[in-house]
Amino acid sequence: MGVCPLCNGLEASTASCPKCERVMEDKGRVMDYFDDYSPYMEIDGMKQIDGYGQTLQLNQCPHLLFCSQCVEDQVVFIQE
Ligand SMILES: [Zn+2]
Ligand SMILES: [Zn+2]
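Nothing here was measured: the structure is a model prediction, and the numbers come from that model.

Focus: the nonpolar core
Phase 1 of the analysis: In terms of nonpolar packing, the biggest core is built from 9 residues, these being Cys4, Leu6, Cys17, Met24, Cys61, Leu65, Cys67, Val76 and Ile78.
Phase 2 of the analysis: The element that contributes the greatest number of residues to this core is strand 2 (residues 60-67), accounting for 3 residues.
Phase 3 of the analysis: Each residue touching Leu65, except ones within four places of it in the same chain, is listed here: Ser13, Ala15, Met24, Glu25, Asp26, Glu72, Asp73, Gln74 and Val76.

Shown next as structure tokens:
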């Protein structure tokens, strides 16, 4: 089993916002949000989550990143 550097606080996310290119804030694992927030998630995010089964095989950890400037969120897959 892989160890996600973000979940374990080993590394901060360096992914930048596609709009303003600021470093986006890591909001944690997508699955931690899934139950509470899924009704509010945007369609794009849901599409990416559909690939979740594959991320398990690839040892990737899906994280929700958020840009406070654009109020934009994005799912990224962190390699464990
Ligand atoms: Zn993680
Ligand atoms: Zn932004």
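A look at the sheet that holds strand 3 (residues 72-79)
Phase 1 of the analysis: Strand order across the open sheet formed by 3 strands is 1-2-3, with antiparallel pairing between neighbours. Looking at the sheet topology across the chains shown, the edges are occupied by strand 1 (25-29) and strand 3. Averaged over all neighbouring strand pairs, the angle between strand axes comes to 35°, with direction disregarded.
Phase 2 of the analysis: Note: strand 2 against strand 3, 8 bridges, orientation antiparallel. Looking at the pairing, Leu64 lines up with Val75 of strand 3.

With respect to the coordination of the zinc ion (ligand 1)
Phase 1 of the analysis: For the zinc ion (ligand 1), the protein coordination sphere consists of Cys4 (SG), Cys7 (SG), Cys61 (SG) and His63 (NE2), at 2.0 to 2.3 Å.
Phase 2 of the analysis: Each of the 4 donor atoms bound to the zinc ion (ligand 1) contributes to angles spanning 102 to 116°, and the resulting shape is tetrahedral.
Phase 3 of the analysis: Donor residues for the zinc ion (ligand 1) sit on one chain with the sequence pattern C-x2-C-x53-C-x1-H. Of this pair, Cys7 sits in the segment before strand 1 while Cys61 is found in strand 2, placing the two residues 54 residues apart along the sequence.

The rules we used
Residues numbered from 1 in each chain as written. Chains lettered and ligands numbered in written order. Predicted model: local features only at pLDDT ≥ 70, side-chain atom pairs only at ≥ 80, totals over all residues. Heavy atoms only, no water. Core = buried A, V, L, I, M, F, W, Y, C linked by side-chain atoms within 4.5 Å. Buried < 20%, exposed > 50% of the residue type's maximum accessible area, 1.4 Å probe, protein only. Helix = DSSP H or I, 4+ residues; strand = E, 2+ residues; numbered from the N terminus. Contact = heavy atoms within 4.5 Å. Pairing = 2+ DSSP bridges. Axes fitted to C-alpha atoms, helices over the stretch in contact; angles between N-to-C directions. Donors = N, O, S within 2.8 Å, 3.2 Å for Na, K, Ca; no water. Tetrahedral: all angles 85-135°; square planar, octahedral: opposite > 155°, others 65-115°.

In short, the description is geometric, and any link to function would need to be established separately.
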